[in-house]
Amino acid sequence: MAHATMKSIAILLAGMQYKLQSNIHRRPLGQAHLGLRYLYKMSLAVSLRRALLVLLSGAVFILTVLYWNQGVIKTQAYSDSQLRPHNHKDRNHLSIPVEKSWTYKCENDRCVRTPYRKNASNTKRVSFTSCSMTCGDINIWPHPTTKSMISAHTLRFSVEDVQLQLDTPHREVSKLLKIAFDWFVRDLRQIQRLDYAIHTPEAAAATLVSEATSRQRRHNNEAPAPETQPAASLFGSTFGLQRAGDLESLQVKLSVHESGEIDFNLDNNESYHLSTTFKHQRLVVHIAAHTFFGARHGLSTLQQLIWYDDEDRLLHTYASSLINDVPKFRYRGLMLDTSRHFFSVEAIKRTIAAMGLTKLNRFHWHITDAQSFPYVSRHYPELAEHGAYSESETYSDQDVREVVEFAKIYGVQVLLELDAPAHAGNGWDWGPKRGLGELAMCINQQPWSFYCGEPPCGQLNPKNNHTYLILQRLYEEFLQLSGPTDIFHLGGDEVNLDCWAQYFNDTDLRGLWCDFMLQSNARLKLANGNVPPKYVAVWSSALTNTKCLPNSQFVVQIWGGSTWQENYDLLDNGYNVIFSHVDAWYLDCGFGSWRATGEAACSPYRTWQNVYKHRPWERMRLDKKRRKQVLGGEACMWTEQVDENQLDNRLWPRAAALAERLWSDPNDDHDFDVVQPDVFRRISLFRNRLVELGIKAEALFPKYCAQNPGECI
């Protein structure tokens, strides 16, 4: 388009020049008294030609600048593949409206709303977000584990003022931090609404001033990836318009010296220290951590120390802040079932991005089940051919790798689970055609309620060696895609012994389950280069109390009720555990039965307060030894009644409530389900942050209550 415009301008100017010359030479010059007039016109023509040439050159220069800045950010991943951040929402829609008719003031650590009339008042309107961020305790989620300090003095700036300074000798850590910083800046652009700026003249004028600084300054003279800038920013940089805000620069210094590890394990040091110094219109935010993972959490905290003020259309942050932070639990997970409904890679990435902001660190991907087998195996594509809902509802190895690499930038590990021996459906119904025998039993058997928890039925054949070989190859693929790990999930839940009893009625069926799990674990060791993972997770069931699985390696994910005896028995038997109690952390519950007969739903709905207040280690009165056996917890989203259209609001902000419980585990002496007003205030604002970033989080209460903190609770 720029080329076409330049060509049109050149043709127009040439035509004007030709017409001018034709007018000058139209009359003969026989008379002497016309000589001076001729010379005058000639000099005028020359001047006009020069002026037109200058105008043409200027237009060419401006259009050239615009043309060469039509590119987009192309952040190179740490691997050979191109790593893409998730897509944001529709840029034409402002999800958080500007509230010009209200102003807020802080009274007794609470923001009070009052009407605002611009012409009737000489005072500046204070936005709700600016009041919330400067009134009362620090307003970030999850709350830091140690006491934090912030100043009352705030500073205004634009995203174009933000720079990166890396301080690490570790090359791979440096690569990951650069990408994480680029995505952090991209989120700030979204928060500052620069992507919307061209839609209104007022916003365009604000952008003209606020984006006057080139992105090149961010990486300390390193060559950055090209970035799209609005035309206003280009003109501002070219013609030196006055800078908006209080800062010449906001420098983010990321320091990681102690460790160059970038592989996930449950012993990763995730602590960080954040401090700021302000001097000579320069703000330096220093995030120091032992590992990449701690530094990444520090960036998530910094993002919440920054907010957008819709009155001056600039970002704000604190002039001084000091935070020391470290998680209480090592395992802070979220499980998504992509078998009962298929979810796009983009939806999964959007979920992981929100996890990173809340400092959840394990994405448990329940990728297959009896309902569908969407993973396309390199060794056994027949599994997806027979088990996927459709060809388009599948995950290639490249899809999985993209999710894994994306998640690492947010400090999130992807744990792929192939549930076995139960929950194996039509995907396994091809063994006889390949001469491999029956790989699974009871597939589609009726009445299904006799042989499985929900249709279709299917359970792997524990006495077919080909079944174990296929499992080994699948484990190899999963490990290659997810990278080195010290924890792997084998599934193992809801085995129906009546299914096996039809074929092995002379066998100890409980022992048969133990043999299957131990053989699967042996195959996992072979798949992992003959090195056993430090931790192997299985779901809890009536069979996990048989004590046949070594407690030195096996971790039990307890999904039953928080008052069930199995909670105590598994700890007494020496197992490490991950809590996922159905009565608190099952986020799919409370939407009624999805079939006409039988039990097909859990109820009631688990509110964010239920999730937040659940502290099983306190209710069980665990001693110090047994508390060490609790690795953490995980919220579960089974998807019988959830597809991509409901995913965001079913997860958020309830999963954020879990995140704070597992990160800082605040003391709570209040009655059951009674949450402090300060927690309401912080999670309400955090929910708005999620919406700003395009995550369609569930509303917590009427907007009136959000605008009047503390009044409704």
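This structure is a prediction, so every number in the text was calculated from the model and none was measured. Throughout, residues of each chain are indexed from 1 in the direction in which the sequence is written. For this predicted model, a pLDDT threshold of at least 70 governs which residues receive local features, and a threshold of 80 or more governs which side-chain atom pairs are given and counted, while totals over whole chains, interfaces and linings are taken from all residues. Based on all heavy atoms of the structure, the side-chain values leave hydrogens and waters out of the count.

**Section: the packing of helix 4 (residues 171–192) against helix 10 (residues 397–409)**
Describing two packed helices takes the angle between their axes plus the distance from one axis to the other.
And step 1. Simply put, an axis is a line fit to the C-alpha atoms, just over the touching stretch for a helix, and the angle between two N-to-C directions goes from 0 to 180 degrees. Helix and strand definitions follow DSSP, with helices as H or I runs of at least four residues and strands as E runs of at least two, each counted in order from the N terminus. Contact geometry of helix 4 with helix 10 gives a least axis separation of 9 Å together with a crossing angle of 80 degrees. With respect to helix 10, the element helix 4 is oriented roughly perpendicular. Contacts between helix 4 and helix 10 pair Leu176, Ile179, Ala180 and Trp183 from the former with Phe406, Lys408 and Ile409 from the latter.
And step 2. All amino acids are sorted into three groups, where Ala, Val, Leu, Ile, Met, Phe, Trp, Tyr, Cys and Pro are nonpolar, Asp, Glu, Lys and Arg are charged, and the leftover types, Gly among them, are polar. In the contact of helix 4 with helix 10, the residues fall into six nonpolar, no polar and one charged. Roughly parallel means an angle under 35 degrees; roughly antiparallel, over 145; roughly perpendicular, 65 to 115; everything else is oblique. Note on contacts: a residue pair qualifies if any of its non-hydrogen atoms lie within 4.5 Å across the two residues.

**Structural notes on helix 10**
An α-helix turns once per 3.6 residues; consequently, residues spaced three or four apart project the same way.
And step 1. Taking 1.5 Å per residue, 13 residues should reach 18 Å; helix 10 reaches 19 Å between its end C-alpha atoms and fits that length.
And step 2. For helix 10, the elements touching its buried residues are helix 4, helix 7 (292–304), helix 8 (345–358), strand 13 (362–366), strand 14 (413–420) and helix 11 (465–482).
And step 3. Trailing helix 10 by a residue or two, glycine 411 shows a phi angle of about 75 degrees, which is positive. By definition here, a helix of n residues has an expected span of 1.5 Å times n minus one.

**Overview of the nonpolar core**
Nonpolar side chains in soluble globular proteins generally cluster together in the buried interior.
And step 1. Residues belong to one nonpolar core when they are buried, are Ala, Val, Leu, Ile, Met, Phe, Trp, Tyr or Cys, and are joined through side-chain atoms within 4.5 Å. Per-residue accessibility, obtained with a 1.4 Å probe over protein chains only, is compared with the maximum for each type, and a residue is labelled buried under 20%, exposed over 50%, and partly exposed between these values. Among the nonpolar cores identified, the biggest contains 169 residues, and Trp365, Trp428 and Trp652 are the most heavily contacted of them.
And step 2. If you look at the next biggest cluster of nonpolar residues, it comprises nine residues, including Tyr331, Tyr535, Ala537 and Ile578.

**Remarks on the pairing of strand 17 (residues 487–491)**
And step 1. Most of strand 17 is tucked away: five of the five residues are buried.
And step 2. By the alternation rule, side chains of strand 17 split into Ile487, His489 and Gly491 and Phe488 and Leu490, which are all buried.
And step 3. The pairing criterion is simple: DSSP has to find at least two bridges between the two strands. Judged from the two bridges that link them, strand 14 and strand 17 form a sheet pairing that is parallel. Bridged to glutamate 417 within strand 17 is histidine 489.
And step 4. Summarising the sheet, strand 17 and strand 18 (residues 535–539) pair through three bridges and their orientation is parallel. Counted as the bridge partner of isoleucine 487 is tyrosine 535 from strand 18.

**Quick word on the sheet that holds strand 9 (residues 307–309)**
And step 1. As summarised here, the arrangement of the three strands in space is 4-10-9, forming an open sheet in which the pairing is antiparallel. Sheet topology places strand 4 (154–157) and strand 9 at the edges, where each strand pairs with a single neighbour. Adjacent strand axes in the sheet meet at a mean angle of 40 degrees when their direction is disregarded.
And step 2. Of the strand pairs in this sheet, strand 4 and strand 10 (residues 314–318) are connected by four bridges, and their pairing is antiparallel. Its bridge partner being in strand 10, phenylalanine 157 is matched across the sheet by leucine 315.
And step 3. The strands touched by helix 4 are strand 9 and strand 10; relative to strand 10, the strand with the most contacts, the crossing angle is about 115 degrees.

**Focus on the packing of helix 8 against helix 10**
And step 1. Running from N to C, helix 8 and helix 10 point in directions that differ by 15 degrees, and their axes come no closer than 10 Å. What the angle tells us is that helix 8 and helix 10 run roughly parallel. The two elements helix 8 and helix 10 meet at a crossing, and its hand is right-handed. Seen from helix 8, the contacting residues are Val345, Ile348, Lys349, Ile352 and Ala353; seen from helix 10, they are Asp399, Glu402, Val403, Phe406 and Ala407.
And step 2. Class assignment of the residues belonging to the contact of helix 8 with helix 10 gives a composition of seven nonpolar, no polar and three charged. Rotating anticlockwise by less than a right angle from the far helix to the near helix defines a left-handed crossing, while the corresponding clockwise rotation defines a right-handed one.

**So, the sheet that holds strand 11 (residues 321–325)**
And step 1. Strand order in the open sheet formed by six strands is 3-11-7-8-6-5, with mixed pairing between adjacent strands. The open sheet has two edge strands, strand 3 (149–150) and strand 5 (162–167), and neither has a second partner.

**Examining the packing of aromatic side chains**
And step 1. Here a Phe, Tyr or Trp ring, Trp counted by its six-membered ring, pairs with any other such ring whose centre lies within 6.5 Å, and the pair is stacked when the planes are under 30 degrees apart, edge-to-face when over 60, and tilted otherwise. Applying the stated criterion to the full structure yields 29 aromatic pairs.
And step 2. A network of ring pairs unites the aromatic residues Trp141, Trp608, Tyr612, Phe680 and Phe701 as a single cluster.
And step 3. Look at NZ for Lys and CZ for Arg. If either is within 6 Å of the ring centre and within 35 degrees of the ring normal, a charge sits over the ring. Here lysine 359 stacks its cationic end above the ring of tryptophan 663, 5.7 Å away from the centre of that ring.

**Description of helix 7**
And step 1. Between its terminal C-alpha atoms helix 7 stretches 19 Å, which fits the 18 Å expected from 13 residues at 1.5 Å a residue.
And step 2. Extensive coverage of helix 7 is indicated by the burial of 13 of its 13 residues.

**So, the pattern of salt bridges**
And step 1. Salt bridges are counted wherever a side-chain nitrogen of Lys or Arg sits within 4 Å of a carboxyl oxygen of Asp or Glu. Following the criterion strictly, the structure yields 33 salt bridges and no others.
And step 2. A salt bridge links arginine 156 to aspartate 246, with the nearest nitrogen and oxygen atoms 3.1 Å apart. Pair noted here: arginine 156 is in strand 4 and aspartate 246 is in the loop between helix 6 (231–239) and strand 6 (249–256), with a separation of 90 residues, a long-range link.
And step 3. Among the residues examined, arginine 156 registers a relative accessible area of 28% and is labelled partly exposed.
And step 4. Its salt-bridge partner being glutamate 270, residue arginine 332 comes within 2.8 Å of it at the nearest N-O pair.

**Looking at the environment of tyrosine 612**
And step 1. Counting through the fold element by element, tyrosine 612 comes out in helix 16 (residues 608–613).
And step 2. Owing to a relative accessible area of 4%, tyrosine 612 belongs among the buried residues under this scheme.
And step 3. Separated by 48 residues in sequence, tyrosine 612 and glutamate 660 have C-alpha atoms that sit 7.6 Å apart.
And step 4. Not counting the four nearest positions on each side in its chain, tyrosine 612 is found in contact with Trp141, Ala657, Glu660, Arg661, Pro666, Val679 and Arg682.
And step 5. Two N or O atoms count as a polar contact when they lie within 3.5 Å, although within protein this holds only if one can serve as hydrogen donor and the other as acceptor, and sequence-adjacent residues are included solely when both atoms are side-chain atoms. Reaching out from tyrosine 612, the side chain makes a polar contact with the side chain of glutamate 660 at a distance of 2.7 Å.

**A word on the confidence of the model for the protein chain**
And step 1. One number per residue, pLDDT, summarises how confident the predictor is, and it ranges from 0 to 100. Per-residue pLDDT for the protein chain averages 85, and the proportion of residues at 70 or more is 79%.
And step 2. Across residues 67–82, where pLDDT falls below 50, the model places 38 contacts with residues more than four positions away in sequence or in other chains.

**Some points on the environment of tyrosine 331**
And step 1. The topology assignment puts tyrosine 331 in strand 12 (residues 331–337).
And step 2. Residue classification places tyrosine 331 among the buried residues on the basis of a relative accessible area of 2%.
And step 3. Expressed as a C-alpha distance, the spacing of tyrosine 331 and aspartate 267, which sit 64 residues apart in the sequence, is 9.9 Å.
And step 4. Within the structure, tyrosine 331 has its side chain in polar contact with the side chain of glutamate 634 (distance 2.6 Å).

**Things to note about the state of the cysteines**
And step 1. The rule for a disulfide is simple: a pair of cysteine sulfur atoms within 2.5 Å. Per the counting criterion, the structure on display carries seven disulfides.
And step 2. Here cysteine 111 connects covalently by a disulfide to cysteine 131, the sulfurs 2.2 Å from one another. With the S-S bond torsion at -115 degrees, the cross-link from cysteine 111 to cysteine 131 turns out left-handed. You can see cysteine 111 sitting in strand 2 (residues 111–115) and its partner cysteine 131 sitting in helix 3 (residues 128–134), a full 20 residues away along the chain.
And step 3. You can call cysteine 131 buried: its relative accessible area is 3%.
And step 4. The disulfide partner of cysteine 442 is cysteine 499, and the gap between their sulfur atoms is 1.8 Å. Disulfide cysteine 442 to cysteine 499: torsion about the S-S bond roughly 105 degrees, handedness right-handed.

**Observations concerning the side chain of threonine 544**
And step 1. Residue position: threonine 544 is located in the loop between strand 18 and strand 19 (554–558).
And step 2. A distance of 2.7 Å separates the side chain of threonine 544 from the backbone oxygen of serine 541, its partner in a polar contact.
And step 3. When near neighbours in sequence (up to four residues on either side) are disregarded, threonine 544 contacts Trp513, Val538, Trp539, Val556, Leu570 and Tyr575.

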